[in-house]
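Here's the letter readout for the chains.
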2 protein chains.
Amino acid sequence: MTKKPLILVTNDDGINAPGIRTLIAVMKTIGDVVVVAPDSPQSGMGHAITLDSTLYVEQVNYKHGALKEYSCSGTPADCVKLAIRELLDRKPDLCVSGINHGSNSSINVIYSGTMSAALEAGIEGIPAIGFSLLNYKWQANFEACESFVKTITENVLKQGLPNGIVLNVNIPDIPKKEIKGIKVCRQAKANWVEEFDKRVNPQGKDYYWLSGKFVNLDGGKDTDEWALENGYVSLVPVQFDLTAHGVIKELKNWDL
Amino acid sequence: MTKKPLILVTNDDGINAPGIRTLIAVMKTIGDVVVVAPDSPQSGMGHAITLDSTLYVEQVNYKHGALKEYSCSGTPADCVKLAIRELLDRKPDLCVSGINHGSNSSINVIYSGTMSAALEAGIEGIPAIGFSLLNYKWQANFEACESFVKTITENVLKQGLPNGIVLNVNIPDIPKKEIKGIKVCRQAKANWVEEFDKRVNPQGKDYYWLSGKFVNLDGGKDTDEWALENGYVSLVPVQFDLTAHGVIKELKNWDL
């Protein structure tokens, strides 16, 4: 009998989110599942960690839930650190994060709490995947995600991942039968053009809401944005060595 | 007469921090300086942005300060977004972030609010540099930093930076005369081995403090950690395209 893999599940939308509930259900068909996830939504938290404040953890129970589930007051990265160092009996064989309510494609990877959790696991040498559905609504339908999540997870468990690499998977918000397959891509060059909505509070003080428009500046057909627009699930291998190795030689010619 | 460059200054330790005050003083010898920085310390915020909450901005005055200074309730990345979209009359020629109280070398780049501000400017096509001193204390002595900050900044203004690249500069906490020079490096492979300090609050509830030991796993002499340990200022070119391009071919062979 082969030992079942131990799978750590986390996210950034909080332990109650429908997305993580779908992810837990899929992972239970593959291995032994332990959940350590934020007790409240943490979207846009990037790779924040809790340095100057205390962390609370509660063991919780969910109907159709995992073997063990912990709700944590910290960020997604905190959850992974706590899981590995304190809560799990052994190093997990895999960490999956999501399924995020909303896209983490292209430049969104930088702002993503979902991906920061996966990266944190990657830094610890654990194969890791972040999953996101291109629908930010709480009531989003995650059904179409299930088979793709399963296929990619099983591939990672079978093949492993190269050292220093985690996967960023985004799934288009269309019916399953319209999804053409999974495409390995690069991160598209894109950014957000913010529009700050300036308002006045009841005390007469100005404040702002951050909002904006997403702009894809990349015409390439090998990008995640292209794949998603054309009905594919996008899979981008992501690294946490941020060094621009190709530029080192040029900078060495500077007058420093 | 050449027009002076417009320089945006920000940080993650907050607008009152001695580190940003040193950075402002150096930048005033180079160009016209506008400051948009957090109103309170934001260390460990990674690339967090404020999505579900309001942002407050106050124009403030400091003795020996910049042309204009704004204190903001948001994260370092929020500050850069607000500066570019709302507060500055034109796109700045440069964005500098820091000088951080504490290291942002090797894997710390991922958790760093200082570097997220620089990356945010880089995403907007603005040449950007994050500066950090290897002393986390509020009373750290930033004097030794000044000439290196100036040299690197002047090089960036003169040479520009390749598209998609920002600089991560770390400065050892030793007297200036002992600093051997500036070394262009790669990010060392390193991580934090966390130790969670578990305590009981006055209400009898368990909580944790996150702390840990930094472990350099990289024996290379071309890394930032090696440079800093050997008395050099480290300069790492950092990219925000996180795609592990070298792995794409291998993943295309998977059974997806």
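Predicted, not measured: the structure shown is a model, and the values here were computed from it. (Residues numbered from 1 in each chain as written. Chains lettered and ligands numbered in written order. Predicted model: local features only at pLDDT ≥ 70, side-chain atom pairs only at ≥ 80, totals over all residues.)

**Digging into the overall build of chain A**
Summing up its helical and strand segments, chain A has 7 helices and 11 strands in all. In terms of C-alpha radius of gyration, chain A reaches 19 Å, essentially the compact-globule figure of 18 Å for 256 residues. Considering only C-alpha atoms, chain A reaches an extent of 60 × 50 × 50 Å along its principal axes. Burial analysis of chain A (256 residues in total) assigns 52% to the buried set. Considering only contacts within chain A whose residues lie at least 6 apart along the sequence, 77% involve residues at least 24 apart. (Helix = DSSP H or I, 4+ residues; strand = E, 2+ residues; numbered from the N terminus. Rg over C-alpha atoms; globule rule 2.2 N^0.38 Å. Buried ≥ 20, exposed ≤ 12 C-beta atoms within 10 Å, placed from the backbone. Contact = placed C-beta atoms within 7 Å.)

**Things to note about the nonpolar core**
Considering soluble globular proteins, one finds that nonpolar side chains tend to be buried as a cluster. Ranked by internal contacts, the top residues of the largest apolar core, which has 152 residues, are Val-9 of chain A together with Val-9 of chain B. Contacts of Val-9 of chain B, omitting those with residues within four sequence positions, involve Ile-20, Leu-23, Ile-24, Met-27, Val-33, Val-35, Ala-66 and Val-96 of chain B. (Core = buried A, V, L, I, M, F, W, Y, C linked by C-beta atoms within 7 Å.)

**Thoughts on the interface of chain A and chain B**
Taken together, the contact pairs 61 residues of chain A with 61 residues of chain B. Taken together, the residues that form the side of chain A that touches chain B break down as 36 nonpolar, 15 polar and 10 charged. (Nonpolar A, V, L, I, M, F, W, Y, C, P; charged D, E, K, R; others polar.)

**Quick word on the pairing of strand β7 (residues 165–171) of chain A**
Each regular strand displays side chains that alternate between the two surfaces of the sheet. All names here are of chain A. Counting buried residues in β7 gives 7 out of 7 residues, a clear majority hidden from the surface. Burial of the side chains of β7 extends over both faces: Ile-165, Leu-167, Val-169 and Ile-171 are buried on one face and Val-166, Asn-168 and Asn-170 on the other. Sheet topology places strand β6 (residues 128–133) next to β7; 5 bridges connect them, and they run parallel. Along β7, the bridge assignment pairs Ser-132 with Asn-170. Regarding the hand of the β-α-β motif, the stretch spanning β6, helix α5 (residues 145–159) and β7 is left-handed. Looking at chain direction, β7 and strand β11 (residues 232–239) are connected through 6 bridges and run antiparallel. The residue bridging Val-166 from the neighbouring strand is Val-238, located in β11. (Pairing = 2+ DSSP bridges. Right-handed = clockwise from strand over helix to strand, strands pointing away.)

**Examining the packing of helix α2 (residues 76–87) of chain A against helix α4 (residues 113–123) of chain A**
All names here are of chain A. Their axes nearest at 7 Å, the elements α2 and α4 cross at an angle of 30 degrees. On the basis of their axis angle, the class for α2 and α4 is roughly parallel. Of the two elements, α2 crosses α4, and the hand of that crossing is right-handed. Across the interface between the two elements, Pro-76, Ala-77, Cys-79, Val-80 and Lys-81 of α2 pack against Gly-113, Thr-114, Ser-116, Ala-117, Glu-120 and Ala-121 of α4. Counted by class, the contact of α2 with α4 contains 6 nonpolar, 3 polar and 2 charged residues. (Axes fitted to C-alpha atoms, helices over the stretch in contact; angles between N-to-C directions. Parallel < 35°, antiparallel > 145°, perpendicular 65-115°, else oblique. Left-handed = near helix turned anticlockwise from the far one by under 90°.)

**Observations concerning the relation of the copies chain A and chain B**
Overlaying chain A on chain B yields an RMSD of 0.0 Å, the required transformation being a rotation through 180 degrees with an accompanying axial translation of 0.0 Å. Interpreted geometrically, this transformation is the action of a two-fold axis. By residue overlap, the copies meet face to face through one surface: 100% of the interface positions of chain A are interface positions in chain B. (Least-squares fit on C-alpha atoms with pLDDT ≥ 70 in both.)

**Focus on the sheet that holds strand β7 (residues 165–171) of chain B**
Residues and elements named next belong to chain B. With mixed pairing, 9 strands are arranged side by side in an open sheet as β3-β4-β2-β1-β5-β6-β7-β11-β8. Strands at the two margins of the open sheet, each flanked by one partner only, are β3 (57–60) and β8 (181–184). Between one strand axis and the next, the sheet turns through 20 degrees on average, direction left out of account. Most of the contacts of helix α2 (residues 76–87) go to strand β2 (residues 32–38), to which it runs at about 135 degrees, and overall it touches β1 (6–10), β2, β3, β4 (68–72) and β5 (94–101).

**Digging into the sheet that holds β11 of chain A**
Residues and elements named next belong to chain A. Reading across from one edge, β3-β4-β2-β1-β5-β6-β7-β11-β8 is the order of the 9 strands in this open sheet, with mixed pairing throughout. Looking at strand neighbours, the two that pair on one side only are β3 (57–60) and β8 (181–184), the edges of this open sheet. Geometrically, the sheet is characterised by an average inter-axis angle of 20 degrees between neighbouring strands, direction not taken into account. Where helix α1 (residues 18–28) meets the sheet, its contacts fall on β1 (6–10), β2 (32–38), β5 (94–101) and β6, and the angle it forms with β5 comes to roughly 145 degrees. Here α4 sits on the sheet and contacts β1, β5, β6, β7 and β11; the angle it forms with β6, its principal contact strand, is near 170 degrees.

**Comments concerning unusual backbone geometry**
Residues and elements named next belong to chain A. Gly-98 connects to Ile-99 through a cis peptide bond whose omega is -10 degrees. Within the secondary structure layout, Ile-99 lies in strand β5. Of note in the backbone geometry, Ser-106 takes a positive phi value of approximately 40 degrees without being a glycine. With respect to the secondary-structure elements, Ser-106 resides in the loop between β5 and α3 (108–111).

**Topic: the environment of Ala-144 of chain A**
Residue and element names in this part refer to chain A. Within the element layout of this structure, Ala-144 appears in the loop between β6 and α5. Sequence separation of Ala-144 and Gly-74 is 70 residues, and the distance between their C-alpha atoms is 30 Å. Not counting residues up to four positions away in its chain, the partners in contact with Ala-144 are Ile-171, Pro-175, Lys-176 and Ile-179.

**Re helix α5 (residues 146–159) of chain B**
Residues and elements named next belong to chain B. Here α5 spans 20 Å end to end across 14 residues, near enough to the 20 Å set by a 1.5 Å rise per residue. Those residues of α5 that sit buried are Phe-148, Val-149, Ile-152 and Thr-153. Burial along α5 is one-sided: seen end-on, the buried residues are contained in an arc of 125 degrees. Looking at the packing, one finds that the buried side of α5 touches α1 (18–28), β5, β6 (128–133), β7, β8 and β11 (232–239). (Expected span 1.5 Å × (residues − 1). Arc of directions from axis to C-beta.)

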